[in-house]
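So you can see what is in the structure, the chains are spelled out below.
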Amino acid sequence: MKEYMNILEGLVDQLTLSAILEMLERICHKKAEHLRTHWKDEDSAKRWDKAAKQIENLNVDI
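Residues numbered from 1 in each chain as written. Predicted model: local features only at pLDDT ≥ 70, side-chain atom pairs only at ≥ 80, totals over all residues. Heavy atoms only, no water.

Together, Tyr-4, Ile-7, Leu-8, Leu-11, Leu-15 and Met-23 line one region of the surface with nonpolar side chains, adding up to about 570 Å² of accessible area. Looking at which element gives the most residues to the nonpolar patch, the answer is helix H1 (residues 2-14), with four residues. With respect to the helices and strands, the residue Met-23 is situated in helix H2 (residues 17-39). (Patch = residues over 30% accessible without salt bridge, like charges linked within 9 Å, V, L, I, M, F, W, Y side chains within 5 Å. Areas by Shrake-Rupley, 256 points an atom, 1.4 Å probe, with all protein chains shown as cover. Salt bridge = Lys/Arg side-chain N within 4 Å of Asp/Glu carboxyl O. Helix = DSSP H or I, 4+ residues; strand = E, 2+ residues; numbered from the N terminus.)

Take a look at the structure:
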């Protein structure tokens, strides 16, 4: 886990926290769309969309 934290910290240092959160938001939306399109799993898709919305609300420029 520590190795992944170091990698993530490096990405935040190279980019910004805001950029990382924006990418995570996009990933969540893509996962939701994939679940809807390929698995017809609306419940899981809604959870991924909710996560994306929460990340969007959390996102601040630091």
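Another aspect to go through is the packing of aromatic side chains. The tally for this structure, following the rule as stated, stands at zero aromatic pairs. Over the ring of Trp-48 we find Lys-31, and its NZ or CZ is 5.4 Å from the ring centre. (Phe/Tyr/Trp six-rings, centres within 6.5 Å; stacked < 30°, edge-to-face > 60°. Lys NZ or Arg CZ within 6 Å of the ring centre and 35° of its normal.)

This brings us to the pattern of salt bridges. For the coordinates displayed, the defined rule picks out four salt bridges. Across the pair Arg-26 and Glu-22 runs a salt bridge whose closest N-O atoms are separated by 2.5 Å. Highlighted residues: Arg-26 and Glu-22, both in helix H2, separated by four residues, approximately one helical turn. For Glu-22, a relative accessible area of 34% corresponds to the partly exposed category. A salt bridge links Lys-53 to Glu-56; its shortest N-O distance comes to 3.7 Å. Taken together, the residues span about one helical turn, with Lys-53 and Glu-56 both in helix H3 (residues 42-58) at a distance of three residues. The network of salt bridges with shared partners includes Arg-36, Glu-42 and Asp-49. (Buried < 20%, exposed > 50% of the residue type's maximum accessible area, 1.4 Å probe, protein only.)

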